[in-house]
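# Reading the structure
Residue strings, one per chain:
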Amino acid sequence: KAGVTQTPRYLIKTRGQQVTLSCSPISGHRSVSWYQQTPGQGLQFLFEYFSETQRNKGNFPGRFSGRQFSNSRSEMNVSTLELGDSALYLCASSPGRSSLEQYFGPGTRLTVT
Amino acid sequence: AQSVSQHNHHVILSEAASLELGCNYSYGGTVNLFWYVQYPGQHLQLLLKYFSGDPLVKGIKGFEAEFIKSKFSFNLRKPSVQWSDTAEYFCAVTDPGGSYIPTFGRGTSLIVHP
């Protein structure tokens, strides 16, 4: 079974721009969660989607948004990028509603200059 | 809100040394506990988990962890580390509010010298 895939793997953007990151979960998994990983803060939860609905949201500004499609693929968008948004963005999928066991993708490394 | 502390930020060991990485969490109710590992250039992957039952949990690659409820701890152990154990280790605890969203510790970087 193929694992969680994320595209693109690396991205360089300029302050003020927006960016869209994509995540394809493991086949059959319906829950997708997004995390921001930085050296200083570790992994911080962004949001969770299940059956195309956002079920939980972390403590991030409204510039961070996401969605999930009917095939469970998910995208997250960050608008008006700031230098502090530079991070590794991880997507994790799980079979069911609760995120008890998550399978992580390789991440998208976003650098904002 | 739940918080997770990993006391050792950087650990350096020689091969065959024993390992213990500390993890403490703040919530006193029912929790689910996890250790994840991130090898250099690889995905974050589950090492072991505790939901209920025997508080001594065995995971992959010879790792184990012990849940001590009275100490709010879930320490990771391995009797004899190998060079290939060099990685970043993360402890995680589920959110007690029922959403099951895990809270992660900031991670421990382990370097094993051959």
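Look up: the structure comes first, before these words.
An account of the accompanying structure is given in this report.

Calculation notes
Residues numbered from 1 in each chain as written. Chains lettered and ligands numbered in written order. Predicted model: local features only at pLDDT ≥ 70, side-chain atom pairs only at ≥ 80, totals over all residues. Heavy atoms only, no water. Helix = DSSP H or I, 4+ residues; strand = E, 2+ residues; numbered from the N terminus. Salt bridge = Lys/Arg side-chain N within 4 Å of Asp/Glu carboxyl O. Buried < 20%, exposed > 50% of the residue type's maximum accessible area, 1.4 Å probe, protein only. Contact = heavy atoms within 4.5 Å. 1 Å grid on protein atoms, 1.4 Å probe; cavity = no way out; pocket = protein on both sides within 12 Å on 5 of 7 lines; lining within 4 Å. Points joined across faces, edges and corners; volume = space filled by probe spheres on them. Nonpolar A, V, L, I, M, F, W, Y, C, P; charged D, E, K, R; others polar. Pairing = 2+ DSSP bridges. Disulfide = S-S within 2.5 Å.

### Observations concerning unusual backbone geometry
Residues and elements named next belong to chain A. For the bond running from Thr7 to Pro8, omega is -10 degrees, close enough to zero to count as cis. Here Pro8 lies in the loop between strand 1 (5-7) and strand 2 (10-13). You will see that Ser51, though not glycine, has its phi angle at about 50 degrees, which is positive. Examined against the element boundaries, Ser51 turns out to sit in the loop between strand 5 (42-50) and strand 6 (53-57). Of note, Ser72 is a non-glycine position whose phi angle comes to about 80 degrees, a positive value. One can find Ser72 in the loop between strand 7 (64-68) and strand 8 (74-78).

### Digging into the pattern of salt bridges
Applying the stated criterion across every chain yields a total of 8 salt bridges over all chains. The closest approach of N and O atoms between Glu82 of chain A and Arg63 of chain A, which form a salt bridge, is 3.6 Å. With Glu82 of chain A in the loop between strand 8 and strand 9 (87-94) and Arg63 of chain A in the loop between strand 6 and strand 7, the pair connects residues that are 19 residues apart, well separated along the chain. Judged by relative accessible area, Glu82 of chain A falls into the partly exposed class, the value being 42%. Where Lys78 of chain B meets Asp85 of chain B, a salt bridge forms, and the shortest distance between an N and an O atom there is 2.9 Å. Note on Lys78 of chain B: relative accessible area 7%, which makes it buried. Beyond isolated ion pairs, a larger network of salt bridges with shared partners links Lys58, Glu64, Glu66 and Arg77 of chain B.

### Considerations on the side chain of Thr108 of chain A
Residue and element names in this part refer to chain A. Within the element layout of this structure, Thr108 appears in strand 11 (residues 108-112). On the accessibility criterion, Thr108 (0% relative accessible area) is buried. With near-sequence residues (within four places) excluded, Thr108 lies in contact with Gln6, Thr7, Pro8, Arg9, Leu21, Ala87, Leu88 and Tyr89.

### Observations regarding the layout of surface pockets
There is about 560 Å³ of room inside the largest pocket. Forming the walls of the largest pocket are 28 residues, and the residues nearest its centre are Gln37, Leu88 and Arg109 of chain A together with Gln38 and Glu88 of chain B. Of all the secondary-structure elements, those providing two or more residues to the lining of the largest pocket are strand 4 (31-38) of chain A together with strand 10 (87-94) and strand 12 (108-113) of chain B. For the lining of the largest pocket, the residue count by class is 10 nonpolar, 14 polar and 4 charged.

### Here we look at the pairing of strand 6 (residues 44-50) of chain B
All names here are of chain B. Looking at chain direction, strand 5 (residues 33-38) and strand 6 are connected through 6 bridges and run antiparallel. Paired with Gln38 across the two strands is Leu44, which belongs to strand 6. Linking strand 5 to strand 6, which pair antiparallel, is a turn of 5 residues; within it Gly41 sits at a positive phi near 75 degrees.

### Topic: the state of the cysteines
Residue and element names in this part refer to chain A. According to the stated counting rule, one finds 2 disulfides over all chains in the structure shown. Here Cys23 engages in a disulfide with Cys91; their sulfurs sit 1.8 Å apart. Negative torsions about the S-S bond denote left-handed disulfides, and the value of about -55 degrees found for Cys23 with Cys91 makes this one left-handed. Note that Cys23 is positioned in strand 3 (residues 19-24) and Cys91 in strand 9, a separation of 68 residues in sequence. Classification of Cys23 as buried rests on a relative accessible area of 0%.

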